[in-house]
Amino acid sequence: NNEQSVPQLLIRDLKFEKKPLAKLMFSPDQENHPSKAPVKYGELIVLGYNGSLPNGDRGRRKSRFALFKRPKANGVKPSTVHIACTPQAAKAISNKDQHSISYTLSRAQTVVVEYTHDSNTDMFQIGRSTESPIDFVVTDTVPGSQSNSDTQSVQSTISRFACRIICERNPPFTARIYAAGFDSSKNIFLGEKAAKWKTSDGQMDGLTTNGVLVMHPRNGFTEDSKPGVWREISVCGNVFSLRETRSAQQRGKMVENETNQLQDGSLIDLCGATLLWRTAEGLSRTPTVKHLEALRQEINAARPQCPVGFNTLAFPSMKRKDVVDEKQPWVYLNCGHVHGYHNWGNKEERDGKDRECPMCRSVGPYVPLWLGCEAGFYVDAGPPTHAFSPCGHVCSEKTTAYWSQIPLPHGTHTFHAACPFCAHQLAGEQGYIRLIFQGPLD
């Protein structure tokens, strides 16, 4: 058994220097002028992108979006309720300069709820539309897609005006989520087919076609996090159990003891893309790209070797995260043995995907390893010792363990665990594997 005679190296055996996160966490401009830095409420990060969109981040279309306190409040709150006998009368009531939500109950009746300015809150809107009321433009995530050409052919299931987040302008800067966003004429329009109802206190409420789902993790977003329960959020921010399928007419049961308040690590699903909400405070405890870069350099400095070719392996720089490099580490996903790329064990009769590991003879997929560069997905600052299967994205053990337990909405009625860096559905018993490197022979 040649396995015994070779020095084995688990990344956790490397002496990773414990750098204080506080030093790495601030960008240079925040260090110099802490008082001038605008108040950050938090950030939304789209699952499935490893640090940026495939063709680069542009304007309001990017893989992460920071919500800052606005120079002037733009929040709104409900005020007058009008009951109009015809949709035409409803249109007359909904003034272009005033926000309103129209609920069409029948051809003969529409209820219009006018919204008035709220000087204590800021509103941010998310959706597929590129119209000006949308602050963060989100398109459908295609697992593992490397360019936007892969994503454009898909018929989108994300609503044009999907949801809105309202943040309190004063501490503790509470953020709340509501289904649907206001369009260019400041209206939200729930047609006859949308699920809607009158609440016990005489107000109106409703759900959007494909719904806005939210999951708050238990124990926050930390190394002790556990998945929470997926819920649906209504247009007025009430919480419901899920409908039978995504767009069923019948709403779920109202969940009285839960709220639409976002917390660090809350997941927001828009039926086609899932967003992670990180609070400013949560992000300050998260590793930064600098920290991940330091970990990458420490692995490379240990000079791991390929047990077949004895060549030194190295993780490519974060900027080259899509091109397979000749020094790139590859892994056998069944056993975790890390090699350089080689043709050994590629038996013709296997369909080309499964290979036999030269170290332990276990047969399984053989894939290149990539560092997870989106720091916001990490639940801790541990070293990159584990890889998701089958995509080969590498991060800390606790991060792989956490994401492998999260059932993410897929299509209209299924859920499955996926890699947060590329959105590929996880495979294998756990969905991830511990990496075994070989140390240098000298």
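Overview of the structure. Because the structure is predicted, anything quoted here is derived from the model rather than measured.

1. Focus: the overall build of the chain
Then, number 1: Each helix and strand counted, the chain has seven helices and 29 strands in total.
Then, number 2: The 442 residues of the chain split such that 51% are buried.
Then, number 3: Considering only contacts in the chain between residues 6 or more positions apart, those separated by 24 or more positions represent 64%.
Then, number 4: Summed over its atoms, the accessible surface of the chain is roughly 20900 Å², and 50% of this surface lies on carbon and sulfur atoms.

2. A look at the layout of surface pockets
Then, number 1: Space inside the second largest pocket adds up to approximately 540 Å³.
Then, number 2: Of all the elements, strand β11 (residues 187–190) adds the most residues to the lining of the second largest pocket, at four residues.
Then, number 3: Partitioning the lining of the second largest pocket into residue classes produces 11 nonpolar, 10 polar and three charged.

3. A closer look at the nonpolar core
Then, number 1: Judged by nonpolar contacts, the single largest core of 46 residues is most densely connected at L44, L67, I126, I165, I177, I268 and L270.
Then, number 2: If we ignore the near neighbours within four places in the chain, the residues touching L67 are V39, K40, Y41, G42, L44, F124, I165, C167 and W277.
Then, number 3: Formed by 30 residues, the second largest nonpolar core is a distinct cluster that contains L276, A375, A418 and F421.

4. What to know about the packing of aromatic side chains
Then, number 1: Summed over the entire model, instances satisfying the criterion amount to 19 aromatic pairs.
Then, number 2: Seen in terms of ring centroids, F315 and F437 are 6.5 Å apart; in terms of plane orientation they differ by 55°. Their pairing is tilted. Within this pair, whereas F315 is found in the loop between α6 (289–301) and β19 (330–332), its partner F437 is found in strand β29 (residues 436–438), the two being separated by 122 residues in sequence.
Then, number 3: Aromatic side chains Y402 and W403 sit 5.5 Å apart centroid to centroid with 70° between the ring planes, which places their arrangement in the edge-to-face category.
Then, number 4: Overall, W403 belongs to the buried group, its relative accessible area being 0%.
Then, number 5: Among the aromatic side chains, those forming a connected cluster through ring pairs are F221, F377, Y378, F388, Y402, W403 and F421.

5. A look at the environment of F136
Then, number 1: Within the element layout of this structure, F136 appears in strand β8 (residues 136–137).
Then, number 2: With residues near it in sequence (within four places) discarded, F136 still touches L44, V46, R60, K62, S63, R64, F65, Q125, I126 and G127.

6. Considerations on the pattern of salt bridges
Then, number 1: Throughout the structure, instances matching the rule amount to 15 salt bridges.
Then, number 2: Two residues, E293 and R296, come together in a salt bridge whose shortest N-O distance is 3.0 Å. Separated by three residues within a single helix, E293 and R296 lie in helix α6, roughly one turn from each other.
Then, number 3: We classify E293 as partly exposed; its relative accessible area is 21%.
Then, number 4: Each member of the salt-bridge network shares a partner with another, and the members are K40, E43, R64 and E374.

7. Let's talk about unusual backbone geometry
Then, number 1: In the segment running from P171 into P172, the intervening peptide bond is cis, with an omega of 5°.
Then, number 2: Mapping P172 onto the fold places it in the loop between β9 (163–168) and β10 (175–179).
Then, number 3: A cis amide bond, omega 15°, links S389 with the succeeding residue P390.
Then, number 4: Structurally, the position occupied by P390 is in the loop between β24 (386–388) and β25 (393–395).
Then, number 5: The phi dihedral of K186 is positive, around 60°, even though this residue is not glycine.
Then, number 6: Within the fold, K186 resides in the loop between β10 and β11.
Then, number 7: Phi angles above zero are rare outside glycine, and C271 is one such case at about 60°.
Then, number 8: Among the structural elements, C271 can be located in the loop between β17 (267–269) and β18 (274–279).
Then, number 9: Take C271: its relative accessible area is 5%, and that puts it in the buried class.

8. A few points about the sheet that holds strand β7 (residues 121–127)
Pairing between the strands of a sheet comes from backbone hydrogen bonds, and it takes one of two forms, parallel or antiparallel.
Then, number 1: Read across the open sheet, the four strands follow the order β8-β7-β9-β10; overall the sheet is mixed. The sheet terminates laterally at β8 and β10, the two strands that pair on one side only.
Then, number 2: Sheet topology places β7 next to β9; six bridges connect them, and they run antiparallel. Among the inter-strand pairings, D122 is bridged to a residue of β9, identified as C167.

9. Observations regarding α6
Then, number 1: Here α6 is 13 residues long and its end C-alpha atoms lie 18 Å apart, about the 18 Å a rise of 1.5 Å per residue gives.
Then, number 2: Turning to α6, its buried residues are H291, L292, A294, L295, R296, E298, I299 and N300.

10. A word on the sheet that holds strand β4 (residues 75–84)
Then, number 1: Pairing is mixed across the open sheet formed by four strands, whose spatial order is β4-β6-β5-β11. The sheet terminates laterally at β4 and β11, the two strands that pair on one side only. Neighbour-to-neighbour, the strand axes of the sheet open up by a mean angle of 20°, direction not taken into account.
Then, number 2: With eight bridges joining them, β4 and strand β6 (residues 109–118) adopt antiparallel strand pairing. Bridging across to β6, A84 finds its partner in T110.

Rules behind the numbers
Residues numbered from 1 in each chain as written. Predicted model: local features only at pLDDT ≥ 70, side-chain atom pairs only at ≥ 80, totals over all residues. Heavy atoms only, no water. Helix = DSSP H or I, 4+ residues; strand = E, 2+ residues; numbered from the N terminus. Buried < 20%, exposed > 50% of the residue type's maximum accessible area, 1.4 Å probe, protein only. Contact = heavy atoms within 4.5 Å. Areas by Shrake-Rupley, 256 points an atom, 1.4 Å probe, with all protein chains shown as cover. 1 Å grid on protein atoms, 1.4 Å probe; cavity = no way out; pocket = protein on both sides within 12 Å on 5 of 7 lines; lining within 4 Å. Points joined across faces, edges and corners; volume = space filled by probe spheres on them. Nonpolar A, V, L, I, M, F, W, Y, C, P; charged D, E, K, R; others polar. Core = buried A, V, L, I, M, F, W, Y, C linked by side-chain atoms within 4.5 Å. Phe/Tyr/Trp six-rings, centres within 6.5 Å; stacked < 30°, edge-to-face > 60°. Salt bridge = Lys/Arg side-chain N within 4 Å of Asp/Glu carboxyl O. Pairing = 2+ DSSP bridges. Expected span 1.5 Å × (residues − 1). Axes fitted to C-alpha atoms, helices over the stretch in contact; angles between N-to-C directions.

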